[in-house]
Amino acid sequence: MTKAAKILDGRAVAAQIRAEVGEEVRVLAERDVPVRLDVILVGDDPASTTYVNMKQRDCAEVGIESRTHRFGSDVSQKELAVLVERLNDDPAVSGFFIQLPLPTGLDHVPLISSIIPSKDVDGLSPMSAGRLAVGLPSLLPCTPHGVIQLLYRNGIMLEGREAVVVGRSNLVGKPLAQLLLRENATVTVCHSHTKNLAEVTRRADVLIVAAGRREMIDAEYVSEGAVVVDVGIHRREEGGLVGDVKFDEVEPVASRITPVPGGVGPMTRAMLLYNTLEAARTAEDAGTR
Ligand code: NDP
C-alpha cells in the first residue's frame, strides 16, 4: 500500500516569500531606499507580454516599483545595448532583465552578458553563472533558486542525499546542479544522451525534472518515497497546464511532489522579487545609490 504523496505547494511558499519581500521593501522605503525593477520587452509575443504583465502585478503587490521599456521588433541591437548600459549606470534602478525570447535578428547573448552582476536579477549572465560556479556571491537564477527554496521551506534536507536532475540547460539544469552541490547533495545531471535514464533517476532521493518533454516521467522512473519536483510547463490543447511528470502515476510512488500548475512556476516569480530586493540591499550596502 502506498500512501498519497504530500503536495509541495509552490503557491503557498511563494506567498510567504512575497510577504517577506513586501515587509523588507517597506523597511527600505522608510529609509528612502527605493526598490525598482525594470524590464526590456521587445516585440509583441503574447506569451512574453503576459509574463511581463504578471511580473508587474507581482511587483505592485509587494511595493516594488516596476518600469517596462517597450520596443517594436525593428529595434536595433545597438539601441538595446545602449539601454542596457544606461540601466547599469542608473542608481534608481535596482535590477533589470530582458524578457526572452527576443525576435529573430536580435542576439540576447551579448546584451545579457553586459548586464552588471549586481543588477542581473534573472541571474543568467555568464558572469553570474561563473560566480555561482566558483562560490562567489551572486543573484541566483530564479527557477533553480525557487526549487531549492521550495524544498528547504518544506523541511526537505539535501545534505548527503542523491539528487538527480533531468536537463542541463543554462536556464534550469546547470545552475540547479550547482545549487544542489552547494547544499551538499550528491548530484547527477542527465540529458538527452543519458543511457538507461530510468535506472539513473530511480537512484534519486530527490528527482528534479526540467527536460521540456510533456509527461515523460512515469512511475517507472521514480523510486518509492522519492521527492519529485516537476519544472516542466506545457499548455494542453484542451486547456490547462501539465508538466514533464505524469502526475497521477508518480504521485502514489513519491513521498512529496510538486503539482503543475502551482509548483515551481509561482516560485520562479517570487524569486524575481527576492532578487530585486537583494539587488537594492546590495546597492545600499555598497553605497552605489
Ligand atoms: P531546454 O529545452 O533548454 O533544456 C531541456 C534539457 O532537457 C536539455 O538539457 C536536454 O538535453 C534535456 N532533455 C530533453 N529531452 C530529454 C530526454 N528525453 N531525456 C533526458 N534529457 C532530456 O529547456 P529548459 O531547461 O529551458 O526548460 C525545461 C522545462 O522547464 C520546459 O518545459 C520549460 O517550459 C520549463 N520551465 C519552467 C519554468 C518554471 O518557472 N516552472 C521556468 C523555466 C523553464 P540536451 O542538453 O542533451 O539537449
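Quantities reported herein were computed from a predicted structural model and do not represent experimental measurements. (Residues numbered from 1 in each chain as written. Predicted model: local features only at pLDDT ≥ 70, side-chain atom pairs only at ≥ 80, totals over all residues. Heavy atoms only, no water.)

The subject of this paragraph is the site of the ligand. For the ligand, the set of nearby residues contains 23 residues, the closest of which are Arg168, Ser169, Ser192, Val231 and Thr268. Interatomic distance of 3.4 Å between a backbone N/O atom of His191 and a nitrogen atom of the ligand. Within the side chain of Arg213, an N or O atom sits 3.3 Å from a nitrogen atom of the ligand. Compared with its free state, where it exposes 930 Å², the ligand has 71% of that area covered by protein. The element contributing the most residues to the shell around the ligand is helix H10 (residues 264-286), with 3 residues. (Near = heavy atom within 4 Å. Polar contact = N/O pair within 3.5 Å; in protein donor to acceptor, adjacent residues only side chain to side chain. Areas by Shrake-Rupley, 256 points an atom, 1.4 Å probe, with all protein chains shown as cover. Helix = DSSP H or I, 4+ residues; strand = E, 2+ residues; numbered from the N terminus.)

Attention now moves to the pattern of salt bridges. Within the structure shown, the criterion is met by 10 salt bridges. Its salt-bridge partner being Arg18, residue Glu61 comes within 3.1 Å of it at the nearest N-O pair. Of this pair, Glu61 sits in helix H2 (residues 46-62) while Arg18 is found in helix H1 (residues 10-30), placing the two residues 43 residues apart along the sequence. Here Arg26 and Glu23 are joined by a salt bridge, their closest N and O atoms 3.1 Å apart. Taken together, the residues span about one helical turn, with Arg26 and Glu23 both in helix H1 at a distance of 3 residues. Take Arg26: its relative accessible area is 48%, and that puts it in the partly exposed class. Taking relative accessible area as the criterion, Glu23 reaches 42% and is therefore assigned partly exposed. Sharing partners across several salt bridges, the network here consists of Glu24, Glu278 and Arg281. (Salt bridge = Lys/Arg side-chain N within 4 Å of Asp/Glu carboxyl O. Buried < 20%, exposed > 50% of the residue type's maximum accessible area, 1.4 Å probe, protein only.)

Note on sheets: strands pair through backbone hydrogen bonds, and any given pair is parallel or antiparallel. Taken in spatial order, the 3 strands of this open sheet run E3-E2-E4, and their pairing is parallel. A single partner strand is all that each edge strand has here, and the edge strands are strand E3 (65-71) and strand E4 (95-98). Averaged over all neighbouring strand pairs, the angle between strand axes comes to 15°, with direction disregarded. Judged from the 4 bridges that link them, strand E2 (residues 36-42) and E4 form a sheet pairing that is parallel. In the strand pairing of E4, Leu37 is matched with Gly95. Packing against the sheet, helix H3 (residues 77-89) makes contact with E2, E3 and E4, and its axis sits at approximately 180° to E2. (Pairing = 2+ DSSP bridges. Axes fitted to C-alpha atoms, helices over the stretch in contact; angles between N-to-C directions. Contact = heavy atoms within 4.5 Å.)

What follows is about the layout of surface pockets. Empty space within the largest pocket amounts to approximately 1400 Å³. For the largest pocket, the lining is made up of 46 residues, of which Tyr51, Thr143, Ile233, Gly265 and Thr268 are closest to its centre. Where the lining of the largest pocket is concerned, the elements lending two or more residues are H1, H2, E4, helix H6 (142-152), strand E9 (234-235) and H10. If you tally residues by element for the lining of the largest pocket, the top one is H2, at 8 residues. There are two domains that each give the lining of the largest pocket at least three residues, and those are domain 1 (32-116) and domain 2 (142-265). (1 Å grid on protein atoms, 1.4 Å probe; cavity = no way out; pocket = protein on both sides within 12 Å on 5 of 7 lines; lining within 4 Å. Points joined across faces, edges and corners; volume = space filled by probe spheres on them. Domains from an automatic or database assignment.)

Moving on: the domain arrangement of the protein. One frequent convention defines the size of an interface as the accessible area lost when the parts assemble. According to the domain assignment, the protein consists of domain 1 (32-116) and domain 2 (142-265). Domain 1 and domain 2 are separated by 29 Å when their C-alpha centres are compared.

A separate point is the sheet that holds strand E1 (residues 6-7). Spatial strand order, E1-E11-E8-E7-E5-E6: 6 strands in an open sheet with parallel pairing. Strand pairing shows two members of the sheet lacking a second neighbour, E1 and strand E6 (186-190), which therefore form its edges. Across 2 bridges, the pairing between E1 and strand E11 (residues 256-257) is parallel. Within E11, the position partnered with Lys6 by the bridge is Arg256.

Of all 7 residues making up E2, 7 are buried, and the element is well covered by its neighbours. Judged by which residues are buried, E2 turns out to be covered on both faces: Arg36, Asp38, Ile40 and Val42 on one side and Leu37, Val39 and Leu41 on the other are all buried. Two elements, E2 and E3, share 7 bridges in a ladder whose sense is parallel. Bridge pairing in E3 links Asp38 to Arg67.

The next thing to look at is unusual backbone geometry. The omega angle of the peptide bond from Leu100 to Pro101 is 0°, so this bond is cis rather than trans. Among the secondary structure elements, Pro101 is positioned in the loop between E4 and helix H4 (108-113). In this chain, Val260 is followed by Pro261 through a cis amide linkage whose omega measures 0°. Within the element layout of this structure, Pro261 appears in the loop between E11 and H10.

Looking now at the state of the cysteines. The bond known as a disulfide is covalent and runs between the sulfur atoms of two cysteines. Inspection of every chain in the model, using the stated rule, returns 0 disulfides. We note that Cys59 lacks a disulfide partner, and the nearest cysteine sulfur, in Cys142, lies 11 Å from it. The exposure class of Cys59 is buried, given its relative accessible area of 1%. (Disulfide = S-S within 2.5 Å.)

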